[in-house]
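Examining the three-dimensional arrangement
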Amino acid sequence: MAEIKDRKKFHIFSAAYTGSTVKTGEYGGKKEIAFIGRSNVGKSSLINSLSGMRKLAYVSREPGKTRTINYYAIQSRRDTGSGEERQDWYLVDLPGYGFAKTSQANRDSWSGFIDEYIRNSENLVMVGLLVDLRHP
């Protein structure tokens, strides 16, 4: 029963694809929560699950389909106990690392702009690292 009660305290009620970039700061003004991990670990699937939308973020069986920094505008609300607080923020899907079927030059490029984003994004408040325990 406590689980259902807690679920009512936070709710994502709107999610939409905003855009893609390889430059830090192109979409600003909102807090950002980003997901990083190996290719095909489930970053896009997690974004779909959190948003409650099955096809918000593109999901592929082939590793390496996410090749840019993808922004999803999120609107949420939470019960503060004394009222409702609404929030606008971004979920950010980063390219995976590991076994993407692409050239080393592309992988190096992705690594560069991901590093730049994580080090310099002024609105980044959290990075979630997804791990697939089946891989060392």
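Overview of the structure. (Residues numbered from 1 in each chain as written. Predicted model: local features only at pLDDT ≥ 70, side-chain atom pairs only at ≥ 80, totals over all residues. Heavy atoms only, no water.)

1. A closer look at the environment of Tyr27
Stated formally: A run of H or I in DSSP counts as a helix once it spans at least four residues, and a run of E counts as a strand once it spans at least two, with each numbered from the N terminus. The contact rule is simple, with two residues in contact once any of their heavy atoms fall within 4.5 Å. As used in this structure description, the phrase polar contact means that two N or O atoms lie within 3.5 Å; if the pair is within protein, one of them must be able to donate a hydrogen and the other to accept it, and residues adjacent in sequence are counted only when both atoms belong to side chains.
Within the secondary structure, Tyr27 is located in the loop between β1 (10–21) and β2 (31–37). Setting aside residues up to four positions removed in sequence, Tyr27 forms contacts with Thr18, Gly19, Ser20, Thr21, Glu32, Tyr71 and Tyr90. In this structure the side chain of Tyr27 is engaged in a polar contact, spanning 3.5 Å, whose partner is the backbone nitrogen of Ser20.

2. A closer look at a nonpolar patch on the surface
Using the following cut-off: Within this analysis, patches are made of residues with over 30% relative accessible area and no salt bridge. Like charges are joined at 9 Å or less; nonpolar side chains (Val, Leu, Ile, Met, Phe, Trp, Tyr) at 5 Å or less. Method for areas: the Shrake-Rupley scheme with a 1.4 Å probe, in which residue coverage is limited to the protein chains shown. Salt bridges, as used here, are contacts in which a Lys or Arg side-chain nitrogen is within 4 Å of a carboxyl oxygen on Asp or Glu. Each residue gets one of three labels from its accessible area relative to the maximum for its type: buried under 20%, exposed over 50%, partly exposed in between, using a 1.4 Å probe on protein chains only.
A cluster of nonpolar side chains, Tyr97, Leu129, Val131 and Leu133, forms an exposed patch at the surface whose accessible area comes to about 470 Å². In this fold, Tyr97 is placed in the loop between β4 (84–93) and α3 (104–120). Look at Tyr97 and you get partly exposed, because its relative accessible area is 40%.

3. Things to note about the environment of Gly42
Looking at the element boundaries, Gly42 is found in the loop between β2 and α2 (43–51). Separated by 90 residues in sequence, Gly42 and Asp132 place their C-alpha atoms 8.6 Å apart.

4. What about the nonpolar core?
Quick reminder of the rule: Definition used in this section: a nonpolar core is a set of buried Ala, Val, Leu, Ile, Met, Phe, Trp, Tyr and Cys residues joined via side-chain atoms within 4.5 Å.
Formed by 14 residues in total, the largest nonpolar core has its most connected members in Ile69, Tyr71, Val92, Leu94 and Tyr117. Per-element accounting of this core gives the leading share, 4 residues, to α3. Ignoring any residue separated from it by four or fewer positions in sequence, one finds Val92 in contact with Glu32, Ile33, Ala34, Phe35, Ile47, Ile69, Asn70, Tyr71 and Tyr117. The next biggest cluster of nonpolar side chains, apart from the first, holds 12 residues, and it includes Val41, Ile47, Leu56 and Tyr72.

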